[in-house]
Amino acid sequence: MTEARAHVLVSGMVQGVFFRAETSGRARSRGLAGWVRNLPDGRVEAVLEGPRQAVESMLGWMRDGPRGAAVSSVEVSWEHPEGERGFRVR
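Below you will find a few notes about this structure. Quick caveat, the model's predicted, so the values are computed rather than measured.

**So, the overall build of the protein**
Helix and strand counts for the protein come out as two helices and five strands. Listing each helix as α and each strand as β along the protein from the N terminus yields β-α-β-β-α-β-β. For 90 residues, the compact-globule estimate of 2.2 N^0.38 gives 12 Å, and the protein sits close to it at 12 Å. Based on the C-alpha atoms only, the size of the protein along its principal axes is roughly 35 × 20 × 20 Å. Looking at the 90 residues of the protein, the share that counts as buried comes to 43%. Residue pairs in contact within the protein that sit at least 24 positions apart in sequence constitute 76% of those at least 6 positions apart. Roughly 4,900 Å² of accessible area belongs to the protein as shown, and the carbon and sulfur atoms make up 47% of that amount. Taken as two groups, the 13 positive and 11 negative side-chain charges of the protein have centres that lie 5 Å from each other.

The structure is reproduced here in structure tokens:
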């Protein structure tokens, strides 16, 4: 299985709608490692690392986000895996 790492920036109405909490739970359920946090400018930033198919699946979910979110854009930068362990909310 090919490992992948995606650095993700999500824009829109994505804070105050449980985006971080749902991202964390869904990433863990897909066996992904990494982290997620709110940025001061209103975006959500995340790093997703694990099997490429699971990362792609997670990115698909992030394009819609949780109920109440209004995602306007998802920017993805592909990086070399760094061996992240666990998934945390920052």
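We are not done yet, so read on.
**Overview of the nonpolar core**
Of all hydrophobic cores here, the largest spans 21 residues; its most connected members are Val-8, Phe-19, Leu-48 and Met-62. Within the residue set of this core, elements represented by two or more residues are strand S1 (3-13), helix H1 (19-29), strand S3 (44-51) and helix H2 (52-62). Per element, the largest residue contribution to this core is six residues, and it comes from H2. Phe-19 has contacts with Val-10, Val-14, Val-44, Trp-61, Met-62, Gly-65, Pro-66, Ala-69 and Val-71, leaving out every residue within four places of it along the chain.

**What about the packing of H1 against H2?**
Two elements in contact, H1 and H2, have axes separated by 11 Å at closest approach and are oriented at 155°. Put simply, H1 runs roughly antiparallel to H2. Of the two possible hands of crossing, H1 and H2 adopt the one that is right-handed. Contacts between H1 and H2 involve Phe-19, Glu-22, Thr-23, Arg-26 and Ala-27 from the former and Met-58, Trp-61 and Met-62 from the latter. Residues belonging to the contact of H1 with H2 are distributed by class as follows: five nonpolar, one polar and two charged.

Reading the values: rules and limits
- Residues numbered from 1 in each chain as written.
- Predicted model: local features only at pLDDT ≥ 70, side-chain atom pairs only at ≥ 80, totals over all residues.
- Heavy atoms only, no water.
- Helix = DSSP H or I, 4+ residues; strand = E, 2+ residues; numbered from the N terminus.
- Rg over C-alpha atoms; globule rule 2.2 N^0.38 Å.
- Buried < 20%, exposed > 50% of the residue type's maximum accessible area, 1.4 Å probe, protein only.
- Contact = heavy atoms within 4.5 Å.
- Areas by Shrake-Rupley, 256 points an atom, 1.4 Å probe, with all protein chains shown as cover.
- Lys, Arg positive; Asp, Glu negative; His and termini not counted.
- Charge placed at Lys NZ, Arg CZ, Asp CG, Glu CD.
- Core = buried A, V, L, I, M, F, W, Y, C linked by side-chain atoms within 4.5 Å.
- Axes fitted to C-alpha atoms, helices over the stretch in contact; angles between N-to-C directions.
- Parallel < 35°, antiparallel > 145°, perpendicular 65-115°, else oblique.
- Left-handed = near helix turned anticlockwise from the far one by under 90°.
- Nonpolar A, V, L, I, M, F, W, Y, C, P; charged D, E, K, R; others polar.

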